[in-house]
Amino acid sequence: MTGSDRPASSQAAAVFQRRPGLLAWLVLTPLLAWLILFVIVPTIMLVLLSLGEQKGLGTVYFTFTLKNYVRALDWTWLKVLVISVGYAVVTTGICMVIGFPAAYFIGRSSEPLRNVLITLVMIPLWTSFLIRTYAWITILSKDGILNAFLVSARIIPEPIGILYTPFAAVLGLVYNFLPFMILPIYTSVERLDSAVIEAAYDLGASPLRAFSQVIIPLTQPGIVAGALLVFVPSIAMFAITNLMGGGDPPTIGDVIYKQFTSGRNQPFGAALGCLLLLIFFFSLWMTRRQRAE
Amino acid sequence: MKEIARRVVLPFFAVLAFFGCEKTPAPPGATPPASPSPAAASPASPAASRSGESTSDAEKALHIFCWSEYIPQQIVDAFSADTGIKVSMETYSSNEEMLAKLFAGGGNYDIIQPSEYVIEGLIKESLLTPIDHASIPNMKNLAPEFTNMSFDPGNKYSVPYMAGSVGIIVNTEVVQDDIKSYNDVFQEKFAKNIVVLDDAREIVSWGLESLGIPVNEVSDENLAKVKPLLEKWLPLVKVFDSDSPKTALLNGDVALGVVWAGEGAILLNEDEKFKWIVPAEGGHLFVDSLAIPKTAKHVKNAELFINYVLRPDVSAKISEAFPYLNPNLAARELLTPAQRNNPASFPTADQLANMQTFKDIGEQATKIDELVTSLKAQ
């Protein structure tokens, strides 16, 4: 970035490339403290807890056993993990199919329209997702708004059960995470240089080819970031799947939550949590590798 | 799920509680002057609670850790107005959540509200402060069948707050069959029309009961016996919800279910089409009590509060807000006939005699959780 003005002020550029000084560390301190306190320390606590055993009413003994991990690899729990990953993959896929065209359209619109549209995307985030999920319950339930409309319009003869199905759960997940797909892609599309696309057409590329070989590669950082922002939280999400899916089938977030409460087995819950962390690291590593290629 | 809303709100209250615990040097609350208070003479009059000041702690604060949707805020406010004691209230949505916080040492709670099997465990691990009966004269209002229960003989450590049961609720507009037992609920024809509590121990206990096995005999062998039955039952369930199972019933998404009696009582009040059935197998009775943890700093204030909620007029107000089985006989007399005759709130003496209560089952809880999870994911 600083390369263009280097001839003019190469000394200033050199200053920026020096190792961080005292002031920089001072500015960074809040962030570092936050990271250590709320990311690193809790992760270490989680790993330590996962090596312990819980006895009696709730006392945890640190026995440094691996038996929680051995148990976590049993099919009972792996199956729940597979179900959750399935939910997350489907959610990410649908969000991408809906989110990419939306983000592209917003990014290519005129400035005033663009600002209005992007605000509209963000407005739902001003309300707690729980309240919005409860709103979906009143819409989708058998005595709800949607069924009442469909019946009165004579599209269906009697109310159908939409709520408390895997479909409703995925709907809730897509609804909640869609903005996190649109926003990063929008940022990439906005930076996209129209001249490059025009050049592709001038050189005889079909619209499909221009899309797949120019637009997609250039917006890829946004797509990858969006996919990650949707995939990772939707694996562990259990509020929406419980409220809209009726808690059936169970998801890994729900199972971990229960280990810390009614299952009375915090160390095992921590072991499952560590497995989930590994999946997150794996998906991060995959996207980094992809970017490197 | 309300409980998640609470998880978000909880840290906020934790911070409040932190600031609530002012830097005042904690008084040695454990050994209060046990002066024979005149308050004991006329506990029901408001004047008494004012004279009760003599038996409160030097620091006028009280930290309550209770179930959500169980102690109405207006009761707490009235207590504060009466006694000048500043009350902070934190809530939990499962016994284990409460235990986890208690063991983590946070909060400095003066009152907790565990269920019977947890009281049993807490007494075993000597984590409760014995209760001074002289300062809780209103205990005389409690029904004899709820005092001196097996989990705390002589009520040395706990005072019953509310009790309740688990039973069957049916929307008679949809289901005309005569439902009598758990087996009648879990039938093929009601597939995907059922809501049950999202609670592994509850679900397993229904299976055990219908096989005639006592609910506390959760040996590996008995769990193996229950498994084939639950394998048939659980796929028929549409919604697992412990927090508000009434929602799915009210919205018409399911037609019958096995739910807390408190939820059932609300449904009965809401619409005549709902019918409450105490399962033929007996059912499960739970008793939630007030207790004072060993680490409490305001023991006298806690005892004042316990005595206050046992006042008939106060207890009747609690029943009005949360229609559970009120063990307070004097308060029951103040209820309206409709409240008193709600079959979900107040089972008959015969039904009550047939109900079983949970005992602490230790590490078997883990196996029960695994069994139910694997069947839900099948």
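Residues numbered from 1 in each chain as written. Chains lettered and ligands numbered in written order. Predicted model: local features only at pLDDT ≥ 70, side-chain atom pairs only at ≥ 80, totals over all residues.

Some details on the overall build of chain B
Note the cut-off: Each helix is a run of DSSP H or I of at least 4 residues and each strand a run of E of at least 2, with the numbering of both proceeding from the N terminus. Whether a residue is buried, exposed or partly exposed is read from the other C-beta atoms within 10 Å of its own C-beta, which are placed from the backbone; 20 or more gives buried, 12 or fewer gives exposed, and intermediate counts give partly exposed. By the criterion used throughout, residues are in contact when their C-beta atoms, derived from the backbone, lie within 7 Å.
Of the regular secondary structure elements, chain B holds 16 helices and nine strands. Residues classed as buried in chain B amount to 51% of the 378 residues present. A separation of at least 24 residues holds for 78% of the contacts in chain B among residues at least 6 apart in sequence.

Regarding the overall build of chain A
Helix and strand content of chain A: 13 helices and two strands. For chain A, the spread of C-alpha atoms along the principal axes amounts to about 70 × 65 × 35 Å. Looking at chain A as a whole, 33% of its 293 residues qualify as buried. Relative to all contacts within chain A whose residues are 6 or more apart in sequence, the contacts with residues 24 or more apart total 69%.

Brief notes about the pairing of strand E1 (residues 61-67) of chain B
All names here are of chain B. Just so we agree on the cut-off: Note: two strands are recorded as paired if DSSP finds a minimum of 2 bridges between them. Seen with the strands pointing away from the viewer, any crossover whose path from the first strand over the helix to the second strand runs clockwise is right-handed.
The element E1 is largely enclosed, with a buried count of seven among its seven residues. Where E1 and strand E2 (residues 86-92) come together, seven bridges link them in parallel fashion. Within E2, the position partnered with Trp-67 by the bridge is Tyr-92. At this point the chain moves from E1, through helix H3 (residues 73-83), to the parallel E2, and the crossover so formed is right-handed. The pairing of E1 with strand E3 (residues 111-112) spans two bridges and is parallel. Looking across to E3, one finds that Ile-64 is bridged to Ile-111.

Here we look at the domain arrangement of chain A
All names here are of chain A. Note the threshold: Residue ranges labeled as domains rest on an automatic or database domain assignment. All residues other than Ala, Val, Leu, Ile, Met, Phe, Trp, Tyr, Cys, Pro, Asp, Glu, Lys and Arg, Gly among them, are scored as polar; the first ten of these are nonpolar and the last four charged.
According to the domain assignment, chain A consists of domain 1 (1-50) and domain 2 (68-292). Between the C-alpha centres of domain 1 and domain 2 the distance comes to 31 Å. Each partner contributes to the interface: domain 1 provides four residues, whereas domain 2 provides seven residues. Looking at the side of domain 1 that touches domain 2, its residues break down into three nonpolar, one polar and no charged.

A look at the interface of chain A and chain B
Counting from both sides, the interface comprises 32 residues of chain A and, opposite them, 34 residues of chain B. If you list the elements that add at least two residues to the side of chain A that touches chain B, you get helix H4 (75-108), helix H11 (239-245) and helix H12 (252-260) of chain A. The element contributing the most residues to the side of chain A that touches chain B is H4 of chain A, with four residues. Per-class residue counts for the side of chain A that touches chain B are 12 nonpolar, 14 polar and six charged.

Some points on unusual backbone geometry
Between Asp-248 of chain A and Pro-249 of chain A the backbone carries a cis peptide bond, its omega angle lying at 0°. Residue placement: Pro-249 of chain A occurs in the loop between H11 and H12. Of note, the phi angle at Phe-64 of chain A is positive, near 50°, even though the residue is not glycine. Tracing the sequence through the fold places Phe-64 of chain A in the loop between strand E2 (59-61) and helix H3 (67-72). Positive phi is not limited to glycine here, since Ser-126 of chain B has a value of about 35°.

Digging into the domain arrangement of chain B
Many analyses report the size of an interface as the accessible area lost when the parts associate. Residue and element names in this part refer to chain B. The assigned domain composition of chain B is domain 1 (2-25 + 42-162 + 287-339) and domain 2 (164-285 + 347-376). In this complex, domain 1 contributes 13 residues to the contact, which on the side of domain 2 involves 13 residues. At the level of elements, helix H1 (2-20) and helix H5 (116-124) are the ones that each hand at least two residues to the side of domain 1 that touches domain 2. No other element matches H5, which puts four residues into the side of domain 1 that touches domain 2. For the side of domain 1 that touches domain 2, the class distribution of residues is seven nonpolar, two polar and four charged.

Focus on the environment of Ile-85 of chain B
Residue and element names in this part refer to chain B. Relative to the helices and strands, Ile-85 is located in the loop between H3 and E2. What makes Ile-85 buried here is the crowd of 24 C-beta atoms within 10 Å. Separated by 220 residues in sequence, Ile-85 and Phe-305 place their C-alpha atoms 9.5 Å apart.

Examining the nonpolar core
The line we're drawing: Nonpolar core, as used here: buried Ala, Val, Leu, Ile, Met, Phe, Trp, Tyr and Cys residues forming one set through C-beta atoms within 7 Å.
Among the nonpolar cores identified, the biggest contains 160 residues, and Ile-111, Ile-169, Val-185, Leu-256, Val-258 and Phe-305 of chain B are the most heavily contacted of them. Broken down by element, the residue count for this core peaks at 15 residues, all from helix H8 (residues 166-191) of chain A. Dropping the residues within four chain positions of it, Val-258 of chain B is found in contact with Val-166, Ile-168, Tyr-182, Val-185, Val-196, Leu-197 and Trp-206 of chain B.

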